[in-house]
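The residues making up each chain are set out below.
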Amino acid sequence: METVTLNRLLGDDRSQLGAGLAQFNKQHQQVFNFSHLTTSGQWVPLWNRFFELLADPLMGAHQVECLVAIKLLSRDKTYLNETVREEQLDCLLGLAGVGKEASVTPREEVQVEALKCLSNLIFQSSKCQELCLFNDSTEGIMRRIKTYKDGNVCYDIRYFDMKLLFLLTAINRDIRAKVREELHGLTYLVETLDLFMGQAAEAKEFNDKDVELINEVLKVLFNLSVRDGIPEEEEANQFHRLVVVVHDLFFYRTLNRDKIISLQSNIVNLLTSVPVSCYNGLCTPLSSNDLTSKTVVPFEGKNVFVLHVLVEFLRRVFQKSEKKSDQYELLSPILTVLIKTIRASALNRRCIRSKVLPPLKNVQDRPEVGTELRNYLCSMLTSPITQIADLSAELLFVLCKENVGRMIKYTGYGNAAGLFANRGLLGGRQGNTDQYSSDSEDSDTEEYKQVQHSINPVLGCYEPPKPNPLEGMSEEQKEYEAMQLVALMDKLQRQGIVQPCKIGEDGRPQPVDHIMELQDEIPEQQRDHKRKT
């Protein structure tokens, strides 16, 4: 840093401080690494100097410039933990308007810059995170949130309140529990979300700032709703209220497509932590007056517009997540939400099944080939990202009412084998089908019926007839080829390349010591085949 600027900031000539602050902030506006100050020993004196100026009543006109300088310096965490003091944090809380109640409320621009400083400090410093468990930060924010309904808090303050509260509840588990349980955060944040939506209720249209603010509220609600175990009765009521508000949020529009996608993404993330018992609130009864609306998708007497949006969100994510590194982050939330949705009610399952697993027409291609949702999901069944493979398998299996035969029909045995092995469903066992109604939802198309007899159940698609490779061989030749195959498999086993298995009594694969042990399975498999045919 220039010597002139440093002398202006650290010197005793107060007439030079304004120019020094302006020059410092201009020079470092785009700087995120302050090694030129930390290595020279200038960072700590500057940090303490800026707080001295903030505390000086004669420097009130330069509060914003001091806060900007502190915000810039706090981008570098090198000396934060050892330098920041409790009274400095309290000073920022007071200027942000969330400290202990004071007689004078700071100017709005001062509050905004102080909130930005606090966000940087809490993100960068573990010491600040610990101090915030005992100071007035969370109580102060929650106290101000209760005043939003009066309409006296500007957009920027509300926005950075939510940013700060998100950081506090994301980083520190104890703060999260405090906000949720002692300060009734779920209740007040749902009311806040409802309030922000109400301000655009008549037009049901958000501008970009509306979406950005609501996104921050949704992220805080996500932090507060994540917990272990079943929610108690009071929290269950709060979750039901939350789902009602979130349901209405789906019906708002925005001219910016990217903003509505970000909004839906945050809603989906939030829904992952909502109990299944609350999901029925996503569908509402259908009235005759609704039929002309663009936000109505009728299904069995219900408006399933929200389910339609969720399915289309999944489709968009599949089209977007070409990189395997993106798949878990993008797919996991929406797959989780859809699984919870279809487990919540039979109507939800039938509706989503009609969109994801419609009656089969194209059986010429393998199930994982194509651009339909079924194709995308089947391609995920063999994904190296096991969490995504498991979630995709569970979604498809529940849509198939946990019926093994139906799952094979839509996915092919090869794609579904991992699911069957994990759940002990090999060897003809069925899933937990008792929880589903007995009525069939299959309606085979003419295209499917015409080639049904030629569908390879392992591949899950039509396979043209092939000549029998054993045709024309004598029994001796067939036996020779069989023993050659046994010898080859035995060699692969001994080299550790493959591990032959048989199906155990629990329906899961069990390794065999020698390939010839598989002969013991043949009579049982033949009996099973005769029983099925």
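Residues numbered from 1 in each chain as written. Predicted model: local features only at pLDDT ≥ 70, side-chain atom pairs only at ≥ 80, totals over all residues. Heavy atoms only, no water.

Here we look at the overall build of the chain
From N to C terminus, the chain includes 26 helices and nine strands. Per-residue burial for the chain yields a buried fraction of 46% across its 533 residues. Nonlocal contacts in the chain, meaning residues at least 24 apart in sequence, comprise 71% of its contacts between residues at least 6 apart. (Helix = DSSP H or I, 4+ residues; strand = E, 2+ residues; numbered from the N terminus. Buried < 20%, exposed > 50% of the residue type's maximum accessible area, 1.4 Å probe, protein only. Contact = heavy atoms within 4.5 Å.)

Regarding the confidence of the model for the chain
In this model, the chain carries an average pLDDT of 87, and 90% of its residues clear a pLDDT of 70 or more. Long-range and interchain partners of residues 525-533, a stretch whose pLDDT sits below 50, account for three contacts in this model, where long-range means more than four residues apart. (pLDDT = per-residue confidence, 0-100.)

Examining the packing of helix α15 (residues 233-249) against helix α16 (residues 257-271)
It is at 11 Å that the axes of α15 and α16 come closest, and there the two elements cross at 160 degrees. With respect to their mutual orientation, α15 and α16 come out roughly antiparallel. The two elements α15 and α16 cross, and the hand of that crossing is left-handed. Residues Leu-242, Val-246 and Leu-249 of α15 lie in contact with α16, whose contacting residues are Leu-263, Ile-267, Leu-270 and Leu-271. Considered class by class, the residues forming the contact of α15 with α16 number seven nonpolar, no polar and no charged. (Axes fitted to C-alpha atoms, helices over the stretch in contact; angles between N-to-C directions. Parallel < 35°, antiparallel > 145°, perpendicular 65-115°, else oblique. Left-handed = near helix turned anticlockwise from the far one by under 90°. Nonpolar A, V, L, I, M, F, W, Y, C, P; charged D, E, K, R; others polar.)

Some remarks on the sheet that holds strand β4 (residues 298-299)
Sheet architecture is open: three strands sit in the order β3-β5-β4, paired in antiparallel fashion. A single partner strand is all that each edge strand has here, and the edge strands are β3 (284-285) and β4. As paired elements, β4 and strand β5 (residues 302-303) share two bridges and run antiparallel to each other. Within β5, the position partnered with Pro-298 by the bridge is Asn-303. (Pairing = 2+ DSSP bridges.)

Some points on unusual backbone geometry
Phi at Glu-300 is positive, roughly 50 degrees, even though this residue is not glycine. Its place among the elements puts Glu-300 in the loop between β4 and β5. Judged by its relative accessible area of 47%, Glu-300 falls in the partly exposed class. Not every positive phi belongs to a glycine, and Lys-401 is a case in point at roughly 55 degrees. Mapped onto the secondary structure, Lys-401 falls in the loop between α21 (386-399) and α22 (404-411).

Remarks on the packing of helix α11 (residues 155-171) against helix α12 (residues 173-182)
Two elements in contact, α11 and α12, have axes whose closest approach is 5 Å; the angle formed by their N-to-C orientations is 115 degrees. Here α11 contributes Leu-165, Leu-168, Thr-169, Ala-170 and Ile-171 to the contact with α12, which in turn contributes Arg-173, Ile-175, Arg-176 and Val-179. Looking at the contact of α11 with α12 residue by residue, the classes come out as six nonpolar, one polar and two charged.

A few points about the nonpolar core
Among the nonpolar cores identified, the biggest contains 153 residues, and Phe-24, Phe-50, Leu-189, Leu-310 and Phe-420 are the most heavily contacted of them. The element that contributes the greatest number of residues to this core is helix α17 (residues 305-320), accounting for ten residues. Residues contacting Phe-420, with those up to four places away along its chain left out, are Phe-397, Val-404, Met-407, Ile-408, Tyr-413, Leu-425, Leu-426 and Gly-507. (Core = buried A, V, L, I, M, F, W, Y, C linked by side-chain atoms within 4.5 Å.)

A word on the environment of Asn-456
Assignment of secondary structure puts Asn-456 in strand β6 (residues 455-456). C-alpha separation for the pair Asn-456 and Lys-409, spaced 47 residues apart in sequence, amounts to 9.6 Å. Those residues in contact with Asn-456, other than ones at most four positions away along the chain, are Cys-461 and Glu-463.

Some thoughts on the packing of aromatic side chains
Ring pairs (aromatic) are described by centroid distance and by the angle formed between their planes. One pass over the full model with this rule turns up twelve aromatic pairs. Here Tyr-155 and Tyr-159 contribute two aromatic rings whose centre-to-centre distance is 5.9 Å and whose plane-to-plane angle is 20 degrees, an arrangement assigned as stacked. Here Tyr-155 and its partner Tyr-159 are both found in helix α11, four residues apart, which amounts to about one turn of the helix. Relative to Phe-305, the ring of Phe-251 has its centre 4.9 Å away and its plane inclined at 35 degrees; by these criteria the two rings are tilted. Linking Phe-251 in the loop between α15 and β2 (253-254) with Phe-305 in helix α17, this pair joins segments that are 54 residues apart in sequence. (Phe/Tyr/Trp six-rings, centres within 6.5 Å; stacked < 30°, edge-to-face > 60°.)

Here's the deal with α11
Between its first and last C-alpha atoms α11 spans 24 Å; for 17 residues at 1.5 Å apiece the expected length is 24 Å, and the two agree. Those residues of α11 that sit buried are Tyr-155, Ile-157, Arg-158, Tyr-159, Phe-160, Asp-161, Met-162, Leu-164, Leu-165, Leu-167, Leu-168 and Thr-169. Its buried side turned inward, α11 meets α8 (108-124), α10 (137-145), α12, α13 (185-198) and α14 (208-225). (Expected span 1.5 Å × (residues − 1).)

Brief notes about the side chain of Thr-341
For Thr-341, the position within the fold is in helix α18 (residues 324-344). By relative accessible area, which is 0% here, Thr-341 ends up buried. When sequence neighbours within four positions are dropped, the list of residues in contact with Thr-341 reads Tyr-279, Leu-282, Leu-307, Leu-310, Asn-348 and Ile-352.

Remarks on α15
Under the 1.5 Å per step criterion, the end-to-end length of α15 is 25 Å for 17 residues, consistent within 8% with the ideal 24 Å. Buried within α15 we find Glu-235, Gln-238, Phe-239, Leu-242, Val-243, Val-245, Val-246, His-247 and Leu-249.

Observations concerning the pattern of salt bridges
Tallied over the full model, the rule gives 21 salt bridges. Among the ionic pairs, Arg-144 bridges to Asp-161, the shortest N-O distance being 2.6 Å. On the criterion of sequence distance, the pair formed by Arg-144 in helix α10 and Asp-161 in helix α11 is long-range, its members being 17 residues apart. Each member of the pair, Arg-144 as well as Asp-161, carries the same accessibility label: buried. Glu-300 is paired through a salt bridge with Arg-350; the nearest N and O atoms lie 2.8 Å apart. Of this pair, Glu-300 sits in the loop between β4 and β5 while Arg-350 sits in helix α19 (residues 346-356), placing them 50 residues apart in sequence. A relative accessible area of 25% means that Arg-350 is categorised as partly exposed. Among the ionic contacts, a cluster of salt bridges with common partners joins Lys-71, Glu-113 and Lys-116. (Salt bridge = Lys/Arg side-chain N within 4 Å of Asp/Glu carboxyl O.)

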